[in-house]
Amino acid sequence: MGKSHPIALRSRVVAFVEEGHSHREAARHFRVSPRFVNNLVILKRETGSLAHRCVEKCWIASA
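What you are looking at is a predicted structure, and each value in this text was computed from that prediction instead of being measured.

A.B. asks: Mind showing me how you'd approach the nonpolar core here?
C.D. replies: Within the largest apolar cluster, 15 residues are counted, with the highest numbers of intra-cluster contacts made by V13, A26, F30, V32, V37 and L40. Elements supplying a minimum of two residues to this core: α1 (7–18), α2 (23–30) and α3 (34–47). Residues in contact with V13, not counting those within four places in the same chain, are A26, F30, V37 and L40.

This is how it looks when you write it as structure tokens:
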């Protein structure tokens, strides 16, 4: 699995979308996938945070 994108990039992408740009425009502008932008906006809406959502594997691997 690849590395997660830095928080600074995540916040810039969300701010760009909140300024009124589309998800596809944000993806092109920041050279990320449209799916990443969609997931990021959903994450921000649901949790209020841009931190990586750790799934079961994260704490199992560290145990």
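We are not done yet, so read on.
A.B. asks: I tried to follow the packing of aromatic side chains on my own but got confused; where do I start?
C.D. replies: Note on aromatic pairs: each is described by the distance of the centres and the angle between the planes. By the definition in use, this model includes 1 aromatic pair. Judged by centre distance (5.4 Å) and plane angle (90 degrees), the ring pair of F16 and F30 falls under edge-to-face. Of this pair, F16 sits in helix α1 while F30 sits in helix α2, placing them 14 residues apart in sequence. Of the two residues examined, F16 and F30, each falls in the buried class.

A.B. asks: Is there a simple way to explain the packing of α1 against α3 in this structure?
C.D. replies: Two quantities define a packed helix pair, namely the angle between the axes and the distance from one axis to the other. The geometry of α1 relative to α3 is characterised by a closest axis approach of 10 Å and an angle of 85 degrees between their N-to-C directions. When the interaxial angle is binned, α1 and α3 end up roughly perpendicular. Residue-level contacts link R10, V13, V14, V17 and E18 of α1 to F36, V37, L40, V41, L43 and K44 of α3. Among the residues making up the contact of α1 with α3, the classes are represented as 8 nonpolar, no polar and 3 charged.

A.B. asks: I keep staring at unusual backbone geometry and nothing clicks. Help me out?
C.D. replies: Among all residues except glycine, the phi angle is most often negative; among peptide bonds, the trans geometry is most common. If you check the backbone angles, R31 has positive phi at about 55 degrees while not being a glycine. Owing to a relative accessible area of 78%, R31 belongs among the exposed residues under this scheme.

A.B. asks: What should I look at first to understand the confidence of the model for the protein chain in this one?
C.D. replies: Any region with low pLDDT has predicted coordinates that should not be read closely. Summarising the model, the protein chain shows a mean pLDDT of 86, and 83% of its residues fall at 70 or more. Model confidence for the protein chain, summarised as mean pLDDT per element, is weakest for helix α4 (residues 56–62) at 54 and strongest for α2 at 98.

A.B. asks: Would you mind going over the side chain of R10 with me for this structure?
C.D. replies: Take R10: it is sitting in helix α1. In this structure, R10 is buried with no salt-bridge partner, the nearest side chain bearing the opposite charge being E46 at 12 Å. Filtering out sequence-adjacent residues up to four positions away, R10 remains in contact with S4, H5, F36, L40, L43, L50, A51 and H52.

Definitions and cut-offs
Residues numbered from 1 in each chain as written. Predicted model: local features only at pLDDT ≥ 70, side-chain atom pairs only at ≥ 80, totals over all residues. Heavy atoms only, no water. Core = buried A, V, L, I, M, F, W, Y, C linked by side-chain atoms within 4.5 Å. Buried < 20%, exposed > 50% of the residue type's maximum accessible area, 1.4 Å probe, protein only. Helix = DSSP H or I, 4+ residues; strand = E, 2+ residues; numbered from the N terminus. Contact = heavy atoms within 4.5 Å. Phe/Tyr/Trp six-rings, centres within 6.5 Å; stacked < 30°, edge-to-face > 60°. Axes fitted to C-alpha atoms, helices over the stretch in contact; angles between N-to-C directions. Parallel < 35°, antiparallel > 145°, perpendicular 65-115°, else oblique. Nonpolar A, V, L, I, M, F, W, Y, C, P; charged D, E, K, R; others polar. pLDDT = per-residue confidence, 0-100. Lys, Arg positive; Asp, Glu negative; His and termini not counted. Salt bridge = Lys/Arg side-chain N within 4 Å of Asp/Glu carboxyl O.

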